[in-house]
Amino acid sequence: MPFLLRPILTLMLLCLTSLATAELDYTPNQAKTAIEVIDELSTKHYRKQPLDDELSSKLLHELIDNLDPTKSYLLQEDITEFQQWETRLDDMFRAGDLSAGFFIYNRYNQRTMARLQANISLLESDFQFDLTKDEYLPVDVDNNQWPTTNADADDEWRKRIKEAYLRLMLNDKEPEAARELLIKRYTNLRKQLGQRDSEDIFQLIMNSLASLYDPHTAYMSPRSMENFRIAMSLSLTGIGAVLQLEDEHTKIVRVIPGGPADKQGILKAGDKVIAVGQGDEEKVDVVGWRLDDVVDLIRGPKDSIVRLELIPAQGDSAGNSRDISIVRDKIQLDEQSAQAEVIDVQTEVGRYSVGVIKIPAFYLDVDAYYNRDPNFKSTTKDVVQLLQNLEKQNVDGIILDLRNNGGGFLQEAATLTDLFIDPGPIVQVQHSDQLISRNYRSRADAYYRGPLVVLINRLSASASEIFAGAIQDYGRGLVVGGQSFGKGTVQVQLPVREGQLKLTESKFYRVSGNSTQHLGVVPDIQLPSFYDVDKVGESSEDNALPWDRIPAAPHRRYNLTRVPMQTLQERHEYRLKMDPDLVHLHDELALVKERQKVKQLPLNEIKRREEAKEYDTLLLTLENKRRLAKERPLYSSIEEWQAVEEPEEDNDDRPLAEKDPILYEVGNIMSDYMSLAKSPMQQAKQP
């Protein structure tokens, strides 16, 4: 860096820091609301956790982390000053005194405004980034330290701006266009910051407290409630994805089954949105934006096109982004309905016909149900119809595909379980007063008694886990796939003086007594997973309620225990080593996980381009390895391989082994299961 840059930037930042900024303060009603929120959390939350000095210390650090998660704006001297409240916030908040929280925010706001303006001034100057210099930017922000001086902060920000600039260059932006885009980014962030009011800050402070109880407890301000109400009542259209903030990025948490993004099949959980564009208009950089503002950009009229620039979750460690276009649409109930298909599986002992029922969510048309409309729509009713159709096709067994099923109506999870087991308990619920209820039960004889396999993955959550856990506990069928999400808690909505508190009031437990919370459902046979359990799922969340167990509910066991599980496992492992498509999947996942271990990004342009090419070369090598094993012609270059268009989901005529190797392998496991087992419903053992 030129020797003049650091003192100039430091002087600039010091001058800007001294500028007066409008300070926000809390209202009397917010003070009274805080007292209410604290009372509700202390008396009604499942986790009996008093607001004391220990929690006060955690609250201080949580608030600071929520404001500045990457340690980018505040200085160590600020953190030291804030420590005066480390054991005092509990007493202050209980008295409705939020002055410390607002003081911390106002200091953060002052530092951030100054820093963003310094970034803009740097980019507008004639300073040139040295893209030939060998230096690095850490990827893991959790290990960042608070800068001790403005000079330290200047140098870190120079690297951050340089990395953003280089990333744009790698994605074919001209140098001046890249600078202009970054200037717009920091200008927009200043504008966004300037629009915050006391309601925003109060919500942030209350959520910092609520999140210390568990990840699903949250406070919603009156404005947030109104925005949510309007969104629901107007049925706003969008892409069909659940979003959340992670550091400065908007991350895709889940792609909603049946939605536009799901149909297109190119948006994945873990992808990060860095820019949003409308039709042919220029994309708007959204790094650092508030979540609700990003959501507003992504929503829009039906049949209109939204363009997203993404950092792929399973992409190259060099940080290259990619552009996708999605046609907005409403998510129709019919499109989330259970669907069925028949797959044929050829094994050494013969050919099996297997019915696959995909259940994207546990849905129920509530209005029609409570109005006693005989034609009300529900998961269970649809699955009964699909089972009837599959039985007419003489299928040998059924696979229930619950991958990416985030849950839904608990009642539907119970009635669906009722189709496969005879009368008995399905789930236990323990409330915050420690009382246990077993009201969800199977009340009729099983509708389907044939071979059953349940397929889950890391995004199978809540009601999905209750169903899969019951099937596993009863020994009614095999559960295969990846360890499920681990969301085993129940929330209630509580109105407070201003806004609403969503609070965790109870926990789910399986009939075995094991909680689905934190641990989730561990499958009988594990399949390769796209998701890192350390980064996705309840166990990856801060302050998640722990796994525990209560006494088992008396329940029968079916004859799954007579199946030689070791033989099933050995056959599965053999195919993992020998089947070209499964080997390719394993190799690809291993490569992605290896690349995710990278701790720092080079800020040298040549090295970054070499890394990107190396990654593409490795992927091409894996693809050619598969093609060689399947006796197909090899791709001669990266360009030839990338020119081959991926087929649309609706027009994908590739063999099942290629388009869905996981389901293909589950079909093989089901065939092994049927060849080794007698009817699992014979001679059920009584408790």
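Calculation criteria
- Every chain's residues receive numbers from 1 upward, in the order its sequence appears when written.
- This being a predicted model, a pLDDT of at least 70 is required before a residue's local features are given, and a value of 80 or more before pairs of side-chain atoms are given or counted; all residues contribute to the totals for chains, interfaces and linings.
- Excluded from the side-chain calculation are hydrogens and water; included are all heavy atoms of the structure.
- Helix and strand definitions here come from DSSP, where helices need a minimum of 4 consecutive H or I residues and strands a minimum of 2 consecutive E residues; each element is numbered from the N-terminal end.
- For accessible areas, the Shrake-Rupley method is used with a probe of radius 1.4 Å. Any residue's cover is judged against the shown protein chains and nothing else.
- Under this rule, positive means Lys or Arg and negative means Asp or Glu; His and the chain ends count for nothing.
- Taken as the charge location is NZ of Lys, CZ of Arg, CG of Asp or CD of Glu.
- Here, patches come from residues exposed beyond 30% relative accessible area and free of salt bridges, joined within 9 Å for like charges and within 5 Å for nonpolar side chains (Val, Leu, Ile, Met, Phe, Trp, Tyr).
- The salt bridge definition used is simple: a Lys or Arg side-chain nitrogen within 4 Å of an Asp or Glu carboxyl oxygen.
- Each axis is a line fitted through C-alpha atoms, and for a helix only the stretch in contact is used; angles between axes span 0 to 180 degrees, taken between their N-to-C directions.
- Each angle gets one of four labels, with under 35 degrees taken as roughly parallel, over 145 as roughly antiparallel, 65 to 115 as roughly perpendicular, and the rest as oblique.
- Two helices that cross are described as forming a left-handed crossing if the nearer one is turned anticlockwise from the farther one by less than a right angle, and a right-handed crossing if clockwise.
- Residue contacts follow a heavy-atom distance rule, with two residues in contact if any of their heavy atoms lie within 4.5 Å.
- When residues are grouped by polarity, Ala, Val, Leu, Ile, Met, Phe, Trp, Tyr, Cys and Pro land in nonpolar, Asp, Glu, Lys and Arg in charged, and all others, Gly among them, in polar.
- Aromatic pairs are defined between Phe, Tyr and Trp rings, using the six-membered ring for Trp, whenever the two ring centres lie within 6.5 Å; interplanar angles under 30 degrees are classed as stacked, those over 60 as edge-to-face, and all others as tilted.
- Here, over-ring charges are defined by two tests on the NZ atom of lysine or the CZ atom of arginine: distance to the ring centre within 6 Å, and angle to the ring normal within 35 degrees.
- For this analysis, a nonpolar core means a set of buried residues of the types Ala, Val, Leu, Ile, Met, Phe, Trp, Tyr and Cys, connected via side-chain atoms within 4.5 Å.
- When accessible area is computed with a 1.4 Å probe and restricted to protein chains, residues below 20% of their type maximum are described as buried, those above 50% as exposed, and intermediate ones as partly exposed.
- When DSSP finds two or more bridges between two strands, those strands count as paired.
- Identification of polar contacts relies on pairs of N or O atoms within 3.5 Å, with a donor-acceptor requirement for protein atoms, meaning one able to donate a hydrogen and the other able to accept it, and with residues adjacent in sequence counted only if both atoms are side-chain atoms.
- Any helix carries an expected span of 1.5 Å times its number of residues minus one.

Engineer: Would you take a moment to explain the overall build of the chain for this structure?
Structural biologist: When its secondary structure is counted, the chain shows 22 helices and 21 strands. On the principal axes, the C-alpha backbone points of the chain span a range of 80 × 65 × 45 Å. In the form shown here, the chain has an accessible surface area of approximately 31,500 Å², with 50% of it arising from carbon and sulfur atoms. The distance from the centre of the 83 positive side-chain charges to the centre of the 111 negative ones in the chain is 4 Å.

Engineer: It is not clear to me how a negative patch on the surface should be interpreted in this structure. Could you clarify?
Structural biologist: Residues Asp65, Asp142, Glu541 and Asp542 make up a contiguous surface patch of negative charge. Note that Glu541 resides in the loop between β20 (525-526) and α17 (565-578).

Engineer: Please explain the packing of helix α15 (residues 410-418) against helix α16 (residues 463-473) as it appears in this structure.
Structural biologist: Between two packed helices, the angle of one axis relative to the other and the distance separating the axes together describe the packing. Between α15 and α16, whose axes approach to 9 Å, the crossing angle comes to 20 degrees. In terms of orientation, α15 lies roughly parallel with respect to α16. The hand of the α15/α16 crossing is right-handed. Taking contact as the criterion, the partners of Leu410, Ala413, Leu416 and Thr417 in α15 are, on α16, Ala463, Ile466, Phe467 and Ala470. Each residue belonging to the contact of α15 with α16 can be placed in one class, and the counts come to seven nonpolar, one polar and no charged.

Engineer: Any chance you could explain the pattern of salt bridges here in plain terms?
Structural biologist: Oppositely charged side chains can form a pair if their charged atoms are brought close together. In the structure shown here, the tally under the stated rule is 42 salt bridges. The salt bridge partner of Lys607 is Asp134, with a shortest N-O separation of 3.4 Å. Taken together, the residues span a long stretch of sequence, with Lys607 in helix α19 (residues 605-629) and Asp134 in the loop between α6 (99-124) and β1 (136-138) at a distance of 473 residues. The shortest N-O distance in the salt bridge between Glu163 and Arg608 comes to 2.9 Å.

Engineer: Is there a simple way to think about the packing of aromatic side chains in this case?
Structural biologist: The description of an aromatic ring pair rests on the distance of the ring centres and on the angle between the ring planes. In the structure shown here, the tally under the stated rule is 15 aromatic pairs. Taken together, a centroid distance of 5.1 Å and an interplanar angle of 80 degrees make the contact between Tyr369 and Tyr370 edge-to-face. Clustering of aromatic rings is evident, with ring pairs tying together Tyr73, Tyr105, Tyr108, Trp157 and Tyr186. If you follow Arg627 out to its NZ or CZ, it ends over the ring of Tyr635, 4.4 Å from the centre.

Engineer: So what exactly am I meant to see when it comes to the nonpolar core here?
Structural biologist: For soluble globular proteins, the rule of thumb is that nonpolar side chains tend to be buried together. Core analysis: the largest hydrophobic core is formed by 78 residues, its most contacted members being Phe93, Tyr186, Met206 and Leu308. Per-element tally for this core: the top contributor is α6, with 10 residues. Apart from the residues lying within four places of it in its own chain, the contact partners of Tyr186 are Leu116, Asn119, Ile120, Leu123, Trp157 and Ile161. The next biggest cluster of nonpolar side chains, apart from the first, holds 27 residues, and it includes Ala338, Leu402, Phe420 and Val521.

Engineer: Which parts of the structure should I look at to understand the sheet that holds strand β9 (residues 339-347)?
Structural biologist: Reading across the sheet, the six strands line up as β9-β10-β11-β16-β17-β20 and stay open at both edges, with mixed pairing between neighbours. The sheet is open, and its two borders are formed by β9 and β20, each paired with just one other strand. Two strands pair when backbone bridges link them, and strand β16 (residues 452-456) and strand β17 (residues 478-481) are joined in this way by four bridges, in the parallel orientation. When the sheet's bridge partners are listed, Leu455 is paired in β17 with Val480. Docked against the sheet, helix α22 (residues 661-676) engages β9, β10 (350-358), β11 (397-401), β16, β17 and β20, running at close to 155 degrees with respect to β16.

Engineer: Looking at this structure, how should I read the side chain of Asp285?
Structural biologist: Among the structural elements, Asp285 can be located in strand β6 (residues 284-285). The class of Asp285 is buried, set by a relative accessible area of 5%. One polar contact links Asp285 to Arg185, side chain to side chain, over a distance of 2.6 Å. Sequence-distant contacts of Asp285, defined by excluding residues within four places in its chain, comprise Leu181, Arg185, Asn188, Ile274 and Ala275.

Engineer: Looking at this model, I keep getting lost on unusual backbone geometry. Mind explaining?
Structural biologist: Phi is mostly negative for residues that are not glycine, and the peptide bonds are mostly trans. The phi dihedral of His518 falls on the positive side, at around 75 degrees, and the residue is not glycine. Inspection of the secondary structure assignment puts His518 in the loop between β19 (500-509) and β20. Unusually for a residue other than glycine, Glu631 sits at a positive phi of about 60 degrees. Within the secondary structure, Glu631 is located in the loop between α19 and α20 (638-642). By relative accessible area, which is 74% here, Glu631 ends up exposed.

Engineer: Sorry, what's going on with the pairing of strand β7 (residues 305-311) here?
Structural biologist: For a regular strand, the rule is simple: side chains alternate between the two faces of the sheet. Burial analysis of β7 places five of its seven residues in the buried class, which makes it a mostly covered element. Bridge count between strand β5 (residues 272-278) and β7: six bridges; the pairing is antiparallel. When the sheet's bridge partners are listed, Val276 is paired in β7 with Leu308. Bridge count between β7 and strand β8 (residues 322-327): six bridges; the pairing is antiparallel. Residue pairing for β8: Leu310 is matched across the bridge by Arg322.

Engineer: Quick question: what am I supposed to make of helix α14 (residues 379-392) here?
Structural biologist: One full turn of an α-helix is made of 3.6 residues, so residues set three or four places apart face in the same direction. Over its 14 residues, α14 extends 20 Å from the first C-alpha to the last, a length consistent with the 20 Å expected when each residue adds 1.5 Å. Next to the buried residues of α14 lie β9, β10, β11 and α15. After α14 finishes, the residue Asn394 shows a positive phi value of roughly 60 degrees.

Engineer: Looking at this model, I keep getting lost on the pairing of strand β4 (residues 249-255). Mind explaining?
Structural biologist: Bridge count between strand β3 (residues 241-246) and β4: six bridges; the pairing is antiparallel. When the bridges of β4 are listed, Gln244 appears paired with Lys251.

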